[in-house]
Amino acid sequence: MVNKHDVKKRMRQLAADYIHEPQQEAYKLDDTEMMLHIGPQNPIQPGPFLIDLKISGETVRDSKLYMGYGHKGIEKILESLTYIQGLPITDRMCYLSSLSNNEAYVSSVERLLDIEPPERSQYIRVIMQELSRIQSHLLGTGEYATDLGFVTMFLFMIREREYVLGLIEDITGARITHCFPRFGGVREDLPEGWREKAIDVLAMINEKCETYKELFSSDRTYRMRTVGIGTLTKEDVIKVGLTGPALRAAGIDYDVRKVYPTLTYPDIDFKVQTGNNGDIFDRIMVRINEIQESCWIIEQALDQIKPGPLFPDELPYGRRTPSMRVPPGEAYVPVEDPRGEIAIYIVSDGTDKPYRVKVRGPSFALMQGLPPMLENVYIADVPAIAASMDSCNSEVDR
Amino acid sequence: MDGETVLDSLKSQFQDAVMDAMVDSQPPHIVCANVDKEKIVDVCAYLKDNLQFNRLSGITSVDFLDKNKFEVVYMIASYDHSVIVKLKADVVRDENPSIDTVIPVWWNANWYEREVYELMGIYFNGHPEMTVLVLTDDMMGEWPFRKDYPGFPQTAAKYPYSDDQESVVESEYPLKWKSWPSERHYLE
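This text gives an overview of the structure that appears in the document. Quantities reported herein were computed from a predicted structural model and do not represent experimental measurements. (Residues numbered from 1 in each chain as written. Chains lettered and ligands numbered in written order. Predicted model: local features only at pLDDT ≥ 70, side-chain atom pairs only at ≥ 80, totals over all residues. Heavy atoms only, no water.)

1. As for the overall build of chain A
Scanning chain A from N- to C-terminus turns up 17 helices and nine strands. Its C-alpha radius of gyration of 23 Å places chain A within 12% of the 21 Å reference for a compact globule of 398 residues. Each principal axis of the C-alpha distribution contributes one length, and for chain A these read about 75 × 55 × 45 Å. Going through the 398 residues of chain A one by one, you find that 60% of them count as buried. (Helix = DSSP H or I, 4+ residues; strand = E, 2+ residues; numbered from the N terminus. Rg over C-alpha atoms; globule rule 2.2 N^0.38 Å. Buried < 20%, exposed > 50% of the residue type's maximum accessible area, 1.4 Å probe, protein only.)

2. Quick word on the packing of helix H6 (residues 119-147) of chain A against helix H7 (residues 151-172) of chain A
Residue and element names in this part refer to chain A. Where H6 meets H7, the closest approach of the two axes is 8 Å, and the angle between their N-to-C directions is 160 degrees. It follows that H6 is roughly antiparallel to H7 by the angle criterion. Note that H6 runs across H7; the crossing there is left-handed. For the contact of H6 with H7, the per-class residue count stands at 16 nonpolar, six polar and three charged. (Axes fitted to C-alpha atoms, helices over the stretch in contact; angles between N-to-C directions. Parallel < 35°, antiparallel > 145°, perpendicular 65-115°, else oblique. Left-handed = near helix turned anticlockwise from the far one by under 90°. Nonpolar A, V, L, I, M, F, W, Y, C, P; charged D, E, K, R; others polar.)

3. Side note on the interface of chain A and chain B
With 57 residues of chain A at the contact, the number on the chain B side is 53 residues. Taking both sides of the interface into account, the surface hidden between chain A and chain B amounts to around 5,200 Å²; carbon and sulfur atoms contribute 60%. Put simply, Lys 64 of chain A and Glu 129 of chain B hold a salt bridge, and the shortest N to O gap is 2.8 Å. Between the two partners, chain A and chain B, sit 23 residue pairs in polar contact (both at pLDDT 80 or more). At six residues, the largest contribution of residues to the side of chain A that touches chain B is made by helix H1 (residues 4-18) of chain A. When its residues are assigned to classes, the side of chain A that touches chain B shows 31 nonpolar, nine polar and 17 charged. (Contact = heavy atoms within 4.5 Å. Buried area = accessible area lost by both parts, 1.4 Å probe. Salt bridge = Lys/Arg side-chain N within 4 Å of Asp/Glu carboxyl O. Polar contact = N/O pair within 3.5 Å; in protein donor to acceptor, adjacent residues only side chain to side chain.)

4. Quick notes on the packing of helix H8 (residues 194-218) of chain A against helix H13 (residues 280-304) of chain A
Residues and elements named next belong to chain A. Orientation of H8 relative to H13, taken along the N-to-C sense of each, is 160 degrees, at an axis distance of 10 Å. Compared by their axis directions, H8 and H13 come out roughly antiparallel. Like other packed secondary-structure pairs, H8 and H13 cross with a definite hand, here left-handed.

5. Here we look at the pairing of strand S9 (residues 356-360) of chain A
Residues and elements named next belong to chain A. Most of S9 is tucked away, with five of its five residues classed as buried. On S9, burial covers both faces: Arg 356, Lys 358 and Arg 360 on one face and Val 357 and Val 359 on the other are all buried. The sheet contact formed by strand S8 (residues 340-348) and S9 spans five bridges and is antiparallel. Its bridge partner being in S9, Ile 344 is matched across the sheet by Val 359. (Pairing = 2+ DSSP bridges.)

6. Some remarks on the sheet that holds strand S2 (residues 31-35) of chain B
Residue and element names in this part refer to chain B. The strand order across the open sheet built from five strands is S1-S2-S5-S4-S3, with neighbouring strands paired in mixed fashion. Each edge of the open sheet is held by one strand with a lone partner, namely strand S1 (18-23) and strand S3 (55-64). Ignoring which end each strand starts from, the neighbouring axes of this sheet average 15 degrees apart. Direction of pairing for S2 relative to strand S5 (residues 85-92): parallel, over a ladder of five bridges. Within S5, the position partnered with Asn 34 by the bridge is Lys 88. Across the sheet, helix H1 (residues 3-13) touches S1, S2 and S5, and the angle it forms with S1 is around 170 degrees. Packing against the sheet, helix H2 (residues 40-51) makes contact with S2, strand S4 (69-77) and S5, and its axis sits at approximately 170 degrees to S5.

7. Some thoughts on the nonpolar core
Counting residues in hydrophobic clusters, the biggest one holds 149 residues, and the most contacted among them are Phe 216 of chain A together with Tyr 74 and Leu 87 of chain B. Setting aside its immediate chain neighbours within four residues, Leu 87 of chain B contacts Ala 33, Val 35, Ile 40, Val 43, Cys 44, Leu 47, Val 72, Val 73, Tyr 74 and Ile 76 of chain B. Membership of the second largest hydrophobic core comes to 23 residues, among which are Ile 74, Leu 87, Ala 331 and Ile 344 of chain A. (Core = buried A, V, L, I, M, F, W, Y, C linked by side-chain atoms within 4.5 Å.)

8. Quick notes on the sheet that holds strand S3 (residues 59-66) of chain A
Residues and elements named next belong to chain A. Sheet architecture is open: three strands sit in the order S1-S2-S3, paired in antiparallel fashion. Each having just a single partner strand, strand S1 (33-38) and S3 make up the two edges of the open sheet. Put simply, the sheet's adjacent strands are angled 20 degrees from each other on average, direction ignored. Judged from the seven bridges that link them, strand S2 (residues 50-56) and S3 form a sheet pairing that is antiparallel.

9. Concerning the packing of aromatic side chains
Scanning the entire structure with this criterion turns up 14 aromatic pairs over all chains. Aromatic pair Phe 364 of chain A and Trp 111 of chain B: ring centres 5.5 Å apart, planes at 75 degrees, arrangement edge-to-face. Remark: Trp 111 of chain B occurs in helix H3 (residues 109-120) and Phe 364 of chain A occurs in helix H14 (residues 362-368); the pair is interchain, linking two chains. On the basis of relative accessibility, which here comes to 0%, the residue Phe 364 of chain A falls in the buried class. On the accessibility criterion, Trp 111 of chain B (6% relative accessible area) is buried. Ring geometry for Phe 14 of chain B and Tyr 46 of chain B: centres 5.5 Å apart, planes at 80 degrees, overall edge-to-face. (Phe/Tyr/Trp six-rings, centres within 6.5 Å; stacked < 30°, edge-to-face > 60°.)

10. Quick notes on unusual backbone geometry
Residues and elements named next belong to chain B. The phi dihedral of His 29 falls on the positive side, at around 50 degrees, and the residue is not glycine. When you line up the elements, His 29 lands in the loop between S1 and S2. His 29 gets classed as partly exposed once you look at its relative accessible area, which sits at 39%.

11. Description of the side chain of Asp 381 of chain A
Residues and elements named next belong to chain A. Structurally, Asp 381 is set in the loop between helix H15 (370-373) and helix H16 (382-388). Put simply, Asp 381 is tucked away with no salt bridge, and the nearest opposite charge, on Arg 225, sits 4.0 Å away. Here Asp 381 is in contact with Arg 225 and Ile 229, once residues within four sequence places are set aside. (Lys, Arg positive; Asp, Glu negative; His and termini not counted.)

Note that every value here comes from positions in space, so none of it alone points to a role or purpose.
Written as structure tokens, this is what we have:
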């Protein structure tokens, strides 16, 4: 019969072997402290990662993150595929913002090829970007409400999200992995009657957002769990290097669409939504305000869009040619993702495959900023704070 | 502030350390410069303290096998203005390639440097925690993003999955993990 004590001793030895020298420092506990592991399957977000919390009573003293449970090596995969073959792979980095990932990749390759899409294509891309933002924020906010036990909100938001996904599906033919833009244009034009349908849906979403805001602000339990919890001040967010709604909730009006405008964003009038306090409540409110702002952007784009070609007259490659030579050089174009700045750094050596691809994703920065946020909070607030960042683990482990 | 100002300021401050500095003609008009690897922390600190570059966008590395060097690339931006600076430092491709850490300048360099280390094998001197971030423990030391990497993890390459019978090597399956991470709760 196996001695229980021996098993435990062996397990301790295994654990001690596993943990590295600098990590062992973090595991030194005094009499009042203990370790608590949350993950890899966690209540925070879909996507595996492990948080080790050092707790003292109910309070978190320190935390460590372990990533990489789903590392896919997408950057290496892209090196072994031609440029157009790499496009569907970028969808898979974060399934909630695949259109932004496509856009970052395509605009970098366009810089290398030195081509610019015609105006109609640019407007269609703007519309797709904003639709993607709406559906991502609706799911992110809704799922977050479930984490706080506010399931009604989730059901409301997932219902409205279906209409937005329907709009995207009408154009791209896919629900989450779209692979829609092309180098120098877009794959499909807007279908007939899409404009009227979109205007109806956007008006409905806009109206529902007012209801959401009212529900979120008036629910007493929700406010108790979010107002003043997980606060990041301006100094904190700058130190951690965040972008996206989590940054804007702290009151900094930094938006890649304004700072590095691409496509036809300079022609469109929109405001950067900011919060005041940088707590969880503000982050959620910024997202809901951004949904309304995105509706407004799409309405303007639909008014301004004119008939025209989808691709420029002279392309350096055939539209349906699977391979093309790309001139040597480097490109880095920041694009506003629903979660922050995404940019894909491509080094080309003049062949039909990229020499090196590096994805600078927003979720990586958001996850790195988690341990400082979790200091001296209650254990019960850990999922609430971590999930309010709306980071996508699939993209951290790209 | 625009790219030319940053370029002139960098050139006048570091006449020897900054080489081949130029402003990209296409938007977003990135300021590119090659920096001596010994001076990288000084240049970064100067950018942060004097030119408001308070946001490190990312650190990456490129392997140039034929030139026998690595390039460590720093993408630096700001919350206050719209200039992006791309600094490149050449690291010789020898047994132990290394460069100084920029964590004292930007706190969030930590994870980017860890990622570069485990994927490309460039050590960052002075980094507090040079351990695995996205790979498994037993892949440390294989440097999968280098250009001379055979393509699959060494451990997985030994699986007898190939149809070609001659290339089948002796299997070491099951893999010898040092420990499974979930066993760590036995520590205390």
